[in-house]
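Fold and geometry: a report
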Amino acid sequence: MASSPPAPSPDASLTEALRSVLPDLSVGALLGFATGLALRKVGRLALTLLGLLFVAVQLLASWDLLTVNWPRVQALADPLLRQGGEAGAPWLGRVLTANLPFAGAYTAGLLLGLRARA
């Protein structure tokens, strides 16, 4: 009497399932990591430019060439910063993961890229 073929092990079925999605996962993680590094570099550059602008304004103010109404600047900036902080991260997340079948791997790579010491 012929014996039935051995049942596939759970490890084998998991390996087969992962084999089909591995290219998407690896591409997603790589693209996420690259985006994270780019956002980190651009953010650092933007903050550097903002700092240099502040130093230039303060220098001009110390030479009495410019007068800055700082309470007015703060009153104008507060609503924008508050609104940006509340809506910015979810909006950026939606934009960066729109139509990505590998959004989970992309997000993991993005977080690693933002934390990388490059």
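Residues numbered from 1 in each chain as written. Predicted model: local features only at pLDDT ≥ 70, side-chain atom pairs only at ≥ 80, totals over all residues. Heavy atoms only, no water.

What follows covers the overall build of the protein. Looking only at helices and strands, the protein has three helices and zero strands in total. Reading the secondary structure of the protein in the N-to-C direction produces α-α-α. Summarising the internal contacts of the protein: among those between residues at least 6 apart in sequence, 76% fall at separations of at least 24. About 9500 Å² of surface is accessible on the protein, with carbon and sulfur atoms providing 70% of the total. (Helix = DSSP H or I, 4+ residues; strand = E, 2+ residues; numbered from the N terminus. Contact = heavy atoms within 4.5 Å. Areas by Shrake-Rupley, 256 points an atom, 1.4 Å probe, with all protein chains shown as cover.)

A few words on the packing of aromatic side chains. Counted by the stated rule, this structure contains one aromatic pair. Ring geometry for Phe54 and Trp70: centres 5.9 Å apart, planes at 55°, overall tilted. Placement of the pair is Phe54 in helix α1 (residues 10-62) and Trp70 in helix α2 (residues 70-97), with a sequence separation of 16 residues. Residue Phe54 is classed as partly exposed on the basis of its relative accessible area of 45%. (Phe/Tyr/Trp six-rings, centres within 6.5 Å; stacked < 30°, edge-to-face > 60°. Buried < 20%, exposed > 50% of the residue type's maximum accessible area, 1.4 Å probe, protein only.)

Looking now at the environment of Trp70. For Trp70, a relative accessible area of 38% translates into the label partly exposed. Non-local contacts of Trp70, meaning those with residues more than four positions away in its chain, are made with Phe54, Val57 and Gln58.

A grouping of Leu39, Trp91, Leu92, Val95, Leu111 and Leu114 is seen on the molecular surface, where their side chains present a nonpolar patch of about 520 Å² in accessible area. Among the elements of the structure, α2 and α3 (103-115) are those that each provide at least two residues to the nonpolar patch. The element that contributes the greatest number of residues to the nonpolar patch is α2, accounting for three residues. Checked against the element boundaries, Val95 lands in helix α2. Val95 sits in the partly exposed class, given a relative accessible area of 44%. (Patch = residues over 30% accessible without salt bridge, like charges linked within 9 Å, V, L, I, M, F, W, Y side chains within 5 Å. Salt bridge = Lys/Arg side-chain N within 4 Å of Asp/Glu carboxyl O.)

It is worth spelling out unusual backbone geometry at this point. Positive phi, normally seen in glycine, also occurs at Asp64, with a value near 60°. With respect to the helices and strands, the residue Asp64 is situated in the loop between α1 and α2.

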